[in-house]
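Breakdown of the fold
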Amino acid sequence: MAMSRRQRARTFRGVQYGVLVLAVVLIAVFADWGTIRNAFFNLDAAATQFPEILSTALVNTIIYTGLGFALGLALGLVLALMKLSSVGPYRWLATIYIEFFRGVPALLVFIALGYGVPLAFQLRFDIYSTAAISLGLVGSAYIAETLRAGIQAVPPGQVEAARSLGMSQSRAMITIVIPQAFRIILPPLTNELILLTKDSSLIYLLGLARTEYELAKFGREGLNATGSLTPILLAGLCYLIITLPLGYLSRYLERRTGRKQDEGLKVTA
Amino acid sequence: MSDVIIEVSGLHKAFGNLEVLKGIDMSVKRGEVVCIIGPSGSGKSTLLRCVNLLEEPNAGTVLVNDFEMTDPDVDIDKARRGIGMVFQGFNLFGHLSVLDNLTIAQRKVLKRDAEEAKSVAKENLRRVGLEEKINSMPSQLSGGQQQRVAIARALSMQPAVMLFDEPTSALDPELVGDVLGVMRTLANEGMTMLVVTHEMQFAREVADKVLFMDGGVVVEEGPPAQVIGDPQHERTQTFLRRVLNPVHAHD
Ligand SMILES: Nc1ncnc2c1ncn2[C@@H]1O[C@H](COP(=O)(O)OP(=O)(O)OP(=O)(O)O)[C@@H](O)[C@H]1O
Ligand SMILES: [Mg+2]
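Residues numbered from 1 in each chain as written. Chains lettered and ligands numbered in written order. Predicted model: local features only at pLDDT ≥ 70, side-chain atom pairs only at ≥ 80, totals over all residues. Heavy atoms only, no water.

With respect to the interface of chain A and chain B
Put simply, the rule is: Throughout, a residue-residue contact means that at least one pair of heavy atoms, one from each residue, lies within 4.5 Å. A carboxyl oxygen of Asp or Glu within 4 Å of a side-chain nitrogen of Lys or Arg is what we treat as a salt bridge. We call two N or O atoms a polar contact when they sit within 3.5 Å, provided that within protein one can donate a hydrogen and the other can accept it, with sequence-adjacent residues counted only if both atoms are side-chain atoms. Only DSSP runs of H or I with at least four residues qualify as helices, and only runs of E with at least two residues qualify as strands; both kinds are numbered from the N terminus onward. Throughout, the ten residues Ala, Val, Leu, Ile, Met, Phe, Trp, Tyr, Cys and Pro are labelled nonpolar, Asp, Glu, Lys and Arg are labelled charged, and all others, Gly among them, are labelled polar.
Every contact between the two is made by 21 residues of chain A and, on the other side, 31 residues of chain B. Taken together, chain A and chain B are joined by 2 salt bridges. When the shortest N-O distance is used, the salt bridge between Asp77(B) and Arg163(A) registers 3.2 Å. There are 6 residue pairs in polar contact (both at pLDDT 80 or more) connecting chain A and chain B. Mapped onto the side of chain A that touches chain B, the elements with two or more residues apiece are α8 (156–164), α9 (169–199) and α11 (230–268) of chain A. In terms of residue count, α8(A) provides more of the side of chain A that touches chain B than any other element does, 7 residues in total. When its residues are assigned to classes, the side of chain A that touches chain B shows 8 nonpolar, 8 polar and 5 charged.

A short note on the UniProt feature "transmembrane region" (unreviewed entry) in chain A
The test is simple: UniProt positions are given in the numbering used here, feature names are shortened, and annotations may be inferred rather than shown by experiment.
Mapped onto this structure's residue numbering, the UniProt feature "transmembrane region" (unreviewed entry) falls at residues 12–33, 53–79, 100–121 and 229–249 of chain A. Annotated as 100% helix and 0% strand, the span residues 53–79 of chain A places its first and last C-alpha atoms 36 Å apart.

Regarding the sheet that holds strand β1 (residues 4–15) of chain B
Residue and element names in this part refer to chain B. For clarity, the threshold we go by: One bridge is not enough; two strands pair if DSSP finds at least two bridges between them. Axis lines are fitted to C-alpha atoms, over the contacting stretch for helices. Their N-to-C directions set the angle, which ranges from 0 to 180 degrees.
Strand order in the open sheet formed by 4 strands is β2-β1-β4-β5, and the pairing between neighbours is antiparallel. The outermost strands of the open sheet, each flanked by one partner alone, are β2 (18–29) and β5 (67–68). Where β1 and β2 come together, 9 bridges link them in antiparallel fashion. Its bridge partner lying in β2, Ala14 is registered against Glu19. Packed on one face of the sheet, helix α1 (residues 44–51) meets β1, β2 and β4 (59–64) and runs near 120 degrees to β1.

Regarding the site of ligand 1
All names here are of chain B. Convention followed: Whether a residue is near a molecule or strand depends on its heavy atoms: it is near if one of them lies within 4 Å of it. The protein chains shown are the only cover counted for residues, whose accessible areas, like all others here, come from Shrake-Rupley with a 1.4 Å probe.
In the vicinity of ligand 1 lie 13 residues, with Ser40, Gly41, Lys44, Ser45 and Thr46 positioned nearest. Here an oxygen atom of ligand 1 and a side-chain polar atom of Ser40 are 2.6 Å apart. One of the backbone N or O atoms of Gly41 is found 2.8 Å from an oxygen atom in ligand 1. Expressed as a share of its isolated accessible area of 640 Å², the protein-covered part of ligand 1 is 60%. If you list the elements that add at least two residues to the shell around ligand 1, you get β2 and α1. The biggest single contributor to the shell around ligand 1 is α1, with 3 residues.

Next up, the structure:
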């Protein structure tokens, strides 16, 4: 049977809708709606989560992530500058550090800092320091690479103009290159903040007091207490409160820098 | 203070195996406008960039404004304060407004206070005819306007000499005149200028001295009437025939 292109496309679309309708009908008939509703949308279980899920867990997730990101940014900047240094050993050290922390699971870093260091060195950090250092170590490796790329994306003419005005190499770096590099890497940097937000959930495996619970741990405890998946779903929604706006921000910034660069090219071309 | 402000002698520069400058001797006197002309790849930009040490020469000496630029112990940042440079691609700082482009080095390098830096900036924007653009961002300006801002930025450091590397060759033809006009005014005000250019009309009318470079050497130099009007060397004649009469470029 010969079909025109339009007929074939229509048939193909019809089959797709058919499969979809069948799947929906099957799920509707066979699924145990009572159990599902009880597991995910248990209002009594949900009620026990408030207000701590916001006032403690969400706030703590933001604090842990914020501290880790701040440290990661500072460390990442130092590493990026080391990687661009004309001194060989600096470059090698930075490369080893970056490759190591990008290559090992973040979980391992948390175990090392949360359990390993206290055992081996008899050192006890409070939970905020442990979180900041672990997330900072992991984040800095990624941030360093992003920053290095950003610094290299600033046209060399910018440094030449700065130097020709009598600025020193480091002055030109600080006042001219780094601010422009940050504009270029704002979108990928926002993405790294999203990844770090999710990585902050690894803190849950350290011993936490109730006031130190972050979202994942809080959800886990809620599950234990209620036997319902609802607390986990709520914790997930709370992560989305952080990550979705950041994702939109990242894409918005990306569009904006893209447009700026187009304009820049038009003028200099 | 000596009469000679730039003194280049025995200058050699190579990029890897490529020898770009093969022994350049030249000088610029205070108040003089010197234009460098020559075919693409002859080393004009490299020579200019060796003058403020954006490129490091392999041999020879460069003296500017009583600083020996080629001395490894020279305070290069201090030496460069007295040398303004204008680039083919403008190189305005893209994250800063026009005003900040003009004040940033004044403040960070010369340690001027905000008030003084701003008034110097305004004065120099007036000189290039762009006072009303003081709060614009570089991306909002045309190429010609960007280049005039770049000139004002260099002037804001009150340099003793200005270097120009083909300041109009990235511009649309209708914008070239504005930039050349600003440069002409500067020259009339007595600014010492070393200009790499393909604008023969400008060189003929404004320059006190013209250098023709080819293959990494200065082939011919003298007043414009001589070098452009009545060239003695065959290479100069060929180059000028091509530039002045591009239709008959096939010889
Ligand atoms: N950084 C560099 N590394 C390697 N080669 C270079 C570099 N800069 C310039 N060159 C080479 O040196 C030669 C001279 O370059 P230069 O820019 O000085 O020429 P020019 O006379 O200014 O030419 P144009 O009129 O095209 O600007 C060219 O062959 C160029 O490819
Ligand atoms: Mg050039």
